[in-house]
Amino acid sequence: MNLATPSSPHIHSGIHITGMMARVCLALVPAIIAYTWFFGWGLCINILIAVATALCAEALMLRIRRRPIAPFLTDGSAILTGLLLAFCLPPFSPWWITVLGTAFAIIVAKQLYGGLGYNPFNPAMVGYVMLLISFPLEMTQWVPPNIANQLEIGFLDTLTIIFTGSFPYFLSIDALSMATPLDAVKTELGLNLTVSEIIQSNAIFGDFGGVGWEWVGNWILLGGVWLIYKRIITWHIPLAVMGSLFVISFFFFMLDPDTYASPMFHLFSGATLLAAFFIATDPVSASTTPRGRIFYGIGIGLFIYIIRTWGSYPDGVAFAVLLMNMAAPTIDYYTQPRVFGYINTDKNDGKKQSPESDTKDNI
Amino acid sequence: MRRLFQFHGGVQLKEHKKEAMTQPVQAAHLPKQLVLPLQQHIGAPAEAVVAVGDKVLKGQLIARPGSTVSAPVHASSSGTVIAIAGHPVSHPSHLNAPCVIIDTDGEERWHPDRHPVADYHKLPPEKIREHIRDAGIVGMGGAGFPAHIKLNAGNRVVDTLILNGAECEPYITCDEMLLRERALEVIVGLRIMRYALQAKRCIIGIENNKAAAFRALQEQVRNTGADFIDVIQVPTVYPTGGEKQLIRVLTGKEVPAKGLPLDIGVVCHNVGTAYAVYRAVELGEPLISRYVTIAGSVAHARNLDVLIGTPIIDLIEECGGNRKTLSRVILGGPMMGTALHDVTAPVTKTTNCILVNSTVGDVPLPSRDKHVMPCIRCGNCAVACPVDLLPQQLYWYARAKDFDKVQDYHLFDCIECGCCDYVCPSQIPLVHYFRYAKTEIWAQQHEKTLADIARERHQFREQRLERDKREKQERHKKKRAALKPPGNAVSKEEEAKKAAIQAALDRAKAKRENQQTEPKNTQDLTPEQQQKIDEANARRAKSNNPLINSALDTQNVQQDKHS
Amino acid sequence: MLSAIIALSVLAAVFGLLLGYAAIRFKVEGDPMVDKIDALLPQTQCGQCTYPGCRPYAQAIANGEADINQCPPGGETTIIALADLLGRDPKPLNAENGIEENIKTVAIIDEKVCIGCTLCIQACPVDAILGAAKQMHTVIASECTGCDLCLPPCPVDCIDMVPVNTDSTNWKWSFPEEADKQEKTA
C-alpha cells in the first residue's frame, strides 16, 4: 500500500493567511461605514478602485515573476493593502491618484522585493508617501465633515468627481478643500495662535479630535480590540504606539498647553489609531519578538509626535512607520527571548533556578 | 492547594479522547507472528541470544543488553524463532531494522524462571535496579530510555519523583485507561521506584480532563496511606506532557538547557513505566506487553493490552479498520507521531497509539493545506513555542542551510512538539525543516571527525614518504662509497712489492759473493776465443748493467790471476 | 590663508601620528589562516581543486591565488563556511573543478581481477589501501574518502566507486523540497 509519510505534526489549526486578512478587513468595516456617513461615498469608491488596482498589479507581477497566481491573489494581502491605502487618501482624490499609489505600493514596495513576506517596508505607507511627496496638492484636499449630509453629494456625483475631476454645479473646489484638524493646528500654531484658540475657533474640532474623525477613530479602536481578542494581532504594538504617543504628548502638553496639543487630540487625530491597530501591526514589516514589538511601537509613537510637532508634515504616521520598518531587523536581533533552560546559575549555585521556584513554600 | 506554574506558549487542541474510552481494556488477540526489534530503546542494540529454529517460552530472554546503556528483549509469547533478520519498523527512514521473528504456537506457555521480589525493602536499591534492567523496562512514554539508568541517582539527592500521566496529545488514552484500571499497581510501582531512587516525595501529574483517573489515584493513595504522594491535576494544554514542561508546571523549576532533570533534584517517569516496574518486581514478569490506543478511522476505537511485537495491521483489523483504504497510519499522536510506511511493522515497548486515517474514514485527520505560502513573519510560532525559541529564525536559517546561525538560535533545544507548525498561517512544515537541520548538522560533525582522521592519515603518509626518501638516499650514499678504492691501501701494496724486489736483489748478491767455483771454460783460450771474449766484454762494458759489470770484474780478476 | 594651511597641516600631522601609533600599538599578528582554512576543507585530498591536496589549496586561498569555490567534495557547505571565515560573499561551485556529488562513495577492489601491482596503494592520499607487491590489495572502507585517485593508475581497472550504504547511523531527514518549491515557484 502507498501510505503517506510526511513529517509530524499531522494536524493543523486551520489558521490561514486568507482568514487573517479577511478578519482584518472585517474589523475595518464599521470604520468605513462611519467614514462614509461623515465624508461621503468617496472612500467606498476609492476602496473599490484601490482593491481592483492592487489585484491587477499583483497578478501582473506574479505573471512576470512566474509565480503561481491563484494562491497569492486569494491570500487577501493585496486587498488589505488597497483598503488601507484608500483609507489614507482624501475621499475625493482623482482616480489616477489611487491607481498610481496602489500600483506603486504593490509593484515596487511588495513584488519587487520578493512578494508576500519579503517586503521590508509597509507597502501601503510606501504608496502613500510616494503620493504625498509627488502630488502634494491632491493629497491635501481633505473635505470638511458632514459635507455629505450638508451638500447632499450622491454616489453618482462622487463618481463623477473622482473619475472626471469635474464638479457638479452646486459645488466648487474650495468648498471641498478643508484642512484636517492636524493641518489646522499646525498651520495656525505657526501663526502664533494657541492651541485652545485654534480649537475653539474652528468648527471642525469635535470633543477631542475632529468632528467625524472621532467617530471613525472610535470604530477603528473597537475593530482593533476585536482583532486582539481574536488573536490576529497581539497587544504589544497598539499599546506601545498609543502609550508612547500619549506619554510624550502629555509631557509636552504639561510643559506648555498653549503650544502643544493635548494627548487625546493626538491619539484621536489623523491616522494614529489606524496606524496603531492596522498599519504598524502589518506582520511582514514589523518587528516579531514580543519585546521587540514594544520597542518598535514606542519608536513609532515617538516619531509620530516628533514629525507632527517639529517636522514639516502635518501627520507623521507614514514616515514614522517607514522609519521603524528600517529598524525592525535590528530590534529583533537584540530582543530575543530567553530560551527555556538558559538561566544564569552561577550566582545561585544551581539550587534556586528562578524567582518563582522557592520550593520551600510548596510543600 | 499546591501552586502551579506555567510554561511559555503551548496550544489548545481538540482532545478526541472519549471515543477510545467507552470500553474497558482487553487483551488483544494473539498474533500469528511476533516481530521483536533488537532496538526498542535508546542506547546500544540488544544482542540476540537465540538462534533460528529455537523454541522459546513466554517471557524468555531472547536478546541481552548490548552495553551498559541498553536493554534486553524478551519473547512476548511462546513459539519458534523463524528468523533473525531485517524487518520493517516504524522509523522515518523507512529502513529495516534487525528483528527476532517468532511464530507463535498459541499456547502462551510461560518461562518457568519468574522471580518476583518478596519484599523489595530487604534488597539494596542497586539490586532492585538490576531486577528492573533484567526485565527489559524502558521509558514507556515514547523515549525508551533504559529505566534502570534513570532510577540511579548516583550520589545526587532526588527531591521529587514525578510520574507523568499528563498524556497531552489528542487521541491517546492508554495512560488514562491504565490509571483508571490499575491505579493501585501504578502506585506500588511508584513506591518501588521511589525506593530505588531514595527520593523524598512523589507527584503524579495528570491533566485536568482526566477526572475518573484522578479519583481512582486519589483513592488508592488514601488506601495505601502514602502521604508522600501528591496527585495533582495540571491544566490541559499541549505539550504539558513534555518532561521539562511538566517539571516546570509542577515544581516551577527549569531543567538546565544541556542538563538533566536530575541536575535539579527531579526524576520523571511515565505511569506505564511504573506499572511495568510493579509487574517486574512484584510478579517477576518482564516487559512483554503494554496498553495501546487504536483510534481514528476504525469502527471500534479502543485501548488494548497488546503483546510487544504484534504487527500493527493486526491491531487495526481487530478494531475494525480496513487495510485496503488506509491513507495514513500514525504511530503516536497527531502532533509528534511518526507516519508509518509499512503496516507490518510491530508494536514496540514505546508504542502508545495507532492513529488510522483512511480514504473513506469518517474521522479524517484535518491536515495542512496543500499549498505552502511564504512566511509572513506573524510571530504565531514564537508565541506558541513551549521552549521560547524563535521558530521563524530557525526556519529562515535552516532553509538557507546556514547551520551555524541556526545553532546560535538554539536549534537543539527544540523538542519537536509541533506547536509552531500547528499555528503557522502559511502552512510551513517547520518541524520538518528543524529535523532536516538537526540531522544535517550531526552528519556534518561526523564528516568533520572523518575529515580530521583523513587529514592525520594524509600527514602521516607524507611523513612516511619523506622518511622512505631519506632512507633511500642514505642507502645510495653508502653504496656509492663502497665502489671507489681508497688512497692508503694502494701505497701499502706498492711498498710490499718494492720490499720483495729488494730482497730478491740481496739474495742474488749474496749468492754471487759466496760463489767460489771458477768457470771451467776460462783457461787455455785460443787467440781467436780470447779476441771474441774481449769484444764481448767491450760490449758489456758499454751496457752499464751492474750485474754484467760485476761479472766482468770477476772475470778480469780471474784473468789477471791466471796471466 | 596662512592660518588655514597651518591648521590643516597640523590636523593632518595629528591624525597621521594617531594612525601610526594605532598601527603599531594595535597590530594584530598574522593568525594561522592556512590552518583555519584547512580545518574547513573535507580532507578528501582528491586534487579536483587543481592543487595537490587540501593543505596546498588552503595555502593558495590564504595567498589569494585560489578562489573559495573550487572544492567539489566540500560543496556548498564548505563554500559558505569559507566565505564566512574570510568575510567574502559565497558563490556557486566552479563547474570547471567538478560537480558536487551528494552521494558519498567509497572504492572497492574486485579481488578476482586485482594483480597486486601496488599502483593504487601509491596513489591513495590517505593510505587506505592495504596490500603489498604480488599480494591481494583491499580498500579499508572506513578510511576511504572517496577521492577517486586510485581509479586512473589501476592497469586492470578493477576498482569501482560504490555508494555508502545508508543505515540508521547515517540517515538524514530530507530537505523539504516540495514545500520550498511551492513557496518559491509554480
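Parameters at a glance
Residues numbered from 1 in each chain as written. Chains lettered and ligands numbered in written order. Predicted model: local features only at pLDDT ≥ 70, side-chain atom pairs only at ≥ 80, totals over all residues. Heavy atoms only, no water. Core = buried A, V, L, I, M, F, W, Y, C linked by side-chain atoms within 4.5 Å. Buried < 20%, exposed > 50% of the residue type's maximum accessible area, 1.4 Å probe, protein only. Helix = DSSP H or I, 4+ residues; strand = E, 2+ residues; numbered from the N terminus. Domains from an automatic or database assignment. Contact = heavy atoms within 4.5 Å. Axes fitted to C-alpha atoms, helices over the stretch in contact; angles between N-to-C directions. Left-handed = near helix turned anticlockwise from the far one by under 90°. Nonpolar A, V, L, I, M, F, W, Y, C, P; charged D, E, K, R; others polar. Salt bridge = Lys/Arg side-chain N within 4 Å of Asp/Glu carboxyl O. Pairing = 2+ DSSP bridges. Phe/Tyr/Trp six-rings, centres within 6.5 Å; stacked < 30°, edge-to-face > 60°. Lys NZ or Arg CZ within 6 Å of the ring centre and 35° of its normal. Polar contact = N/O pair within 3.5 Å; in protein donor to acceptor, adjacent residues only side chain to side chain. Patch = residues over 30% accessible without salt bridge, like charges linked within 9 Å, V, L, I, M, F, W, Y side chains within 5 Å. Areas by Shrake-Rupley, 256 points an atom, 1.4 Å probe, with all protein chains shown as cover. Parallel < 35°, antiparallel > 145°, perpendicular 65-115°, else oblique. Buried area = accessible area lost by both parts, 1.4 Å probe. Lys, Arg positive; Asp, Glu negative; His and termini not counted. Charge placed at Lys NZ, Arg CZ, Asp CG, Glu CD.

J.: Sorry, what's going on with the nonpolar core here?
T.: Counting residues in hydrophobic clusters, the biggest one holds 88 residues, and the most contacted among them are Phe87(A), Leu274(A), Phe278(A), Tyr296(A) and Ile300(A). Ranked by residues supplied to this core, first place goes to helix 1 (residues 17-39) of chain A with 13 residues. Each of domain 1 (17-177) and domain 2 (180-336) of chain A accounts for three or more of the residues forming this core. Excluding residues within four positions of it along the chain, Tyr296(A) makes contact with Ile237(A), Ala280(A), Ser285(A), Ala286(A), Ser287(A), Val321(A), Met324(A), Asn325(A), Ala328(A) and Ile331(A). By size, the runner-up hydrophobic cluster in this structure holds 55 residues, among which are Leu161(B), Leu197(B), Cys202(B) and Tyr275(B).

J.: What am I meant to see in the packing of helix 2 (residues 42-64) of chain A against helix 4 (residues 77-88) of chain A here?
T.: Packed helix pairs are specified by the crossing angle of their axes together with the interaxial distance, meaning the distance between the axes. Residue and element names in this part refer to chain A. With their axes 8 Å apart at the nearest point, helix 2 and helix 4 run at an angle of 145 degrees to one another. Of the two elements, helix 2 crosses helix 4, and the hand of that crossing is right-handed. In this structure, helix 2 contributes Leu43, Asn46, Ile47, Ala50, Val51, Ala54, Leu55 and Glu58 to the contact, and helix 4 contributes Ser77, Ala78, Ile79, Gly82, Leu83, Ala86 and Phe87. Tallied by class, the residues present in the contact of helix 2 with helix 4 amount to eleven nonpolar, three polar and one charged.

J.: Help me understand the pattern of salt bridges, please; the structure alone is not making it clear to me.
T.: Pairing of side chains with opposite charge becomes possible as their charged atoms draw close. Residue and element names in this part refer to chain B. Applying the stated criterion across every chain yields a total of 35 salt bridges over all chains. Arg323 is the salt-bridge partner of Glu317, the closest N and O atoms lying 3.0 Å from each other. Judged by relative accessible area, which is 36%, Glu317 ranks as partly exposed. Put simply, Lys448 and Asp452 hold a salt bridge, and the shortest N to O gap is 3.7 Å.

J.: Could you clarify how one ought to interpret the sheet that holds strand 8 (residues 96-104) of chain B in this entry?
T.: Strands pair in a sheet through their backbones, by hydrogen bonds, and they do so in one of two ways: parallel or antiparallel. Residue and element names in this part refer to chain B. Pairing within the open sheet is antiparallel, and its four strands lie in the order 2-8-7-4. Each end of this open sheet is capped by a strand with a single partner; those strands are strand 2 (33-37) and strand 4 (55-56). Where strand 7 (residues 79-88) lies against strand 8, nine bridges are found, and the strand directions are antiparallel. Its bridge partner lying in strand 8, Val81 is registered against Ile102.

J.: Hey, could you run me through the side chain of Arg455(B) in this one?
T.: Here Arg455(B) is to be found in helix 13 (residues 430-483). With sequence-adjacent residues up to four places away left out, Arg455(B) is seen in contact with Asp38(C), Ala39(C), Leu41(C), Gln43(C) and Gln45(C).

J.: Just checking my understanding: could you explain the packing of aromatic side chains for this structure?
T.: Aromatic rings in a pair are described by how distant their centres are and how their planes are angled relative to each other. A complete count under the given rule lists 27 aromatic pairs over all chains for this structure. Centroid distance Phe403(B) to Tyr436(B): 6.1 Å. Interplanar angle 55 degrees. Geometry classified as tilted. Taken as a pair, Phe403(B) in helix 11 (residues 403-408) and Tyr436(B) in helix 13 lie far apart in primary sequence, 33 residues in all. Taking relative accessible area as the criterion, Phe403(B) reaches 7% and is therefore assigned buried. Arranged with centres 4.9 Å apart and planes meeting at 75 degrees, the rings of Tyr436(B) and Phe175(C) form a pair that is edge-to-face. Taken together, the residues Tyr436(B) in helix 13 and Phe175(C) in the loop between strand 4 (159-163) and helix 6 (177-184) connect one chain to another. For Phe175(C), a relative accessible area of 10% puts it in the buried group. By way of ring pairs, the aromatic residues Tyr118(A), Tyr395(B), Trp396(B), Phe403(B), Tyr433(B), Tyr436(B) and Phe175(C) are connected into one cluster. A cation sits over an aromatic face here: Lys401(B) above Phe175(C), 4.6 Å from the ring centre.

J.: Can you walk me through the sheet that holds strand 16 (residues 338-339) of chain B in this structure?
T.: All names here are of chain B. Ordered in space as 1-14-13-17-15-16, the six strands form an open sheet in which the pairing is mixed. Every interior strand has two partners, whereas the edge strands, strand 1 (26-27) and strand 16, have only one. Relative to strand 17 (residues 353-358), strand 15 (residues 326-331) runs antiparallel, the two sharing five bridges. For Leu331, the partnering residue across the bridge sits in strand 17 and is Ile354. The strands touched by helix 3 (residues 174-181) within the sheet are strand 13 (289-296) and strand 14 (302-307), with strand 13 carrying the most contacts at an inclination of about 125 degrees.

J.: I keep staring at the interface of chain C and chain B and nothing clicks. Help me out?
T.: By a widespread convention, an interface's size corresponds to the accessible area lost as its parts come together. Taken together, the contacts link 34 residues of chain C with 34 residues of chain B. At the surface where chain C touches chain B, the tally comes to five salt bridges. Among the salt bridges present, the one from Arg461(B) reaches Asp127(C), with a minimum N-O distance of 3.2 Å. In this structure, the connection of chain C to chain B is made through twelve residue pairs in polar contact (both at pLDDT 80 or more). Put simply, the parts of the chain that give the side of chain C that touches chain B at least two residues each are helix 2 (33-40), helix 4 (75-86), helix 5 (119-123) and helix 6 of chain C. It is helix 6 of chain C that contributes the most residues to the side of chain C that touches chain B, five residues altogether. Across the side of chain C that touches chain B, the residue classes tally to 15 nonpolar, nine polar and ten charged.

J.: What's the story with the interface of chain A and chain B in this structure? I'm lost.
T.: Counting residues at the interface gives 47 residues for chain A and 70 residues for chain B. Inspection of the region where chain A meets chain B yields two salt bridges. A salt bridge links Arg338(A) to Glu254(B); the shortest N-O distance between them is 2.7 Å. Summed over the shared surface of chain A and chain B, the result is 23 residue pairs in polar contact (both at pLDDT 80 or more). Grouping the amino acids of the side of chain A that touches chain B by side-chain chemistry returns 24 nonpolar, 18 polar and five charged.

J.: When you look at the domain arrangement of chain A in this model, what are you seeing that I'm missing?
T.: Residues and elements named next belong to chain A. Splitting chain A by domain gives domain 1 (17-177) and domain 2 (180-336). Its C-alpha centre places domain 1 at a distance of 21 Å from the equivalent point of domain 2. On inspection of domain 1 and its partner domain 2, the count reaches two residue pairs in polar contact (both at pLDDT 80 or more). Elements that contribute at least two residues to the side of domain 1 that touches domain 2 include exactly helix 1, helix 4 and helix 6 (123-134). Looking at the side of domain 1 that touches domain 2 element by element, the count peaks at twelve residues for helix 1. Looking at the side of domain 1 that touches domain 2, its residues break down into 26 nonpolar, four polar and one charged.

J.: What is the right way to look at a nonpolar patch on the surface in this model?
T.: Residues Met1(C), Leu2(C), Ile5(C), Ile6(C), Leu8(C), Val10(C), Leu11(C), Val14(C), Phe15(C) and Leu18(C) make up a contiguous nonpolar surface patch of about 1,100 Å² in total accessible area. Tracing the backbone through its elements, the reader meets Val14(C) in helix 1 (residues 2-25).

J.: Honestly, the packing of helix 10 (residues 391-399) of chain B against helix 13 of chain B in this entry has me stumped. Any pointers?
T.: All names here are of chain B. For the pair helix 10 and helix 13, interaxial distance at closest approach is 9 Å and the crossing angle is 55 degrees. By the angle class used here, helix 10 and helix 13 are oblique. The crossing of helix 10 and helix 13 is left-handed. Contacts between helix 10 and helix 13 involve Pro391, Leu394, Tyr395, Ala398 and Arg399 from the first element and Leu430, Tyr433, Phe434, Tyr436 and Ala437 from the second. Tallied by class, residues from the contact of helix 10 with helix 13 come to nine nonpolar, no polar and one charged.

J.: Please clarify how the domain arrangement of chain C should be interpreted in this entry.
T.: Residues and elements named next belong to chain C. You can read the domains of chain C as domain 1 (32-97) and domain 2 (103-163). Placing a centre on the C-alpha atoms of domain 1 and another on those of domain 2 gives a separation of 26 Å. Across the contact, four residues belong to domain 1 and six residues belong to domain 2. Both faces considered, domain 1 and domain 2 share a buried interface measuring about 350 Å² in area, 63% of it formed by carbon and sulfur atoms. Among the residues of domain 1 in contact with domain 2, Thr44, Gln45 and Cys46 are the three that bury the most area, contributing 89% of the side total. Here domain 1 and domain 2 share zero salt bridges between them. Where domain 1 meets domain 2, there are one residue pair in polar contact (both at pLDDT 80 or more). For the side of domain 1 that touches domain 2, the residue count by class is one nonpolar, three polar and no charged.

J.: Is there a simple way to explain a positive patch on the surface in this structure?
T.: A contiguous patch of positive charge, built from Lys472(B), Arg475(B), Lys478(B) and Lys479(B), is present on the exposed surface. Here Arg475(B) falls in the partly exposed class, since its relative accessible area comes to 46%.

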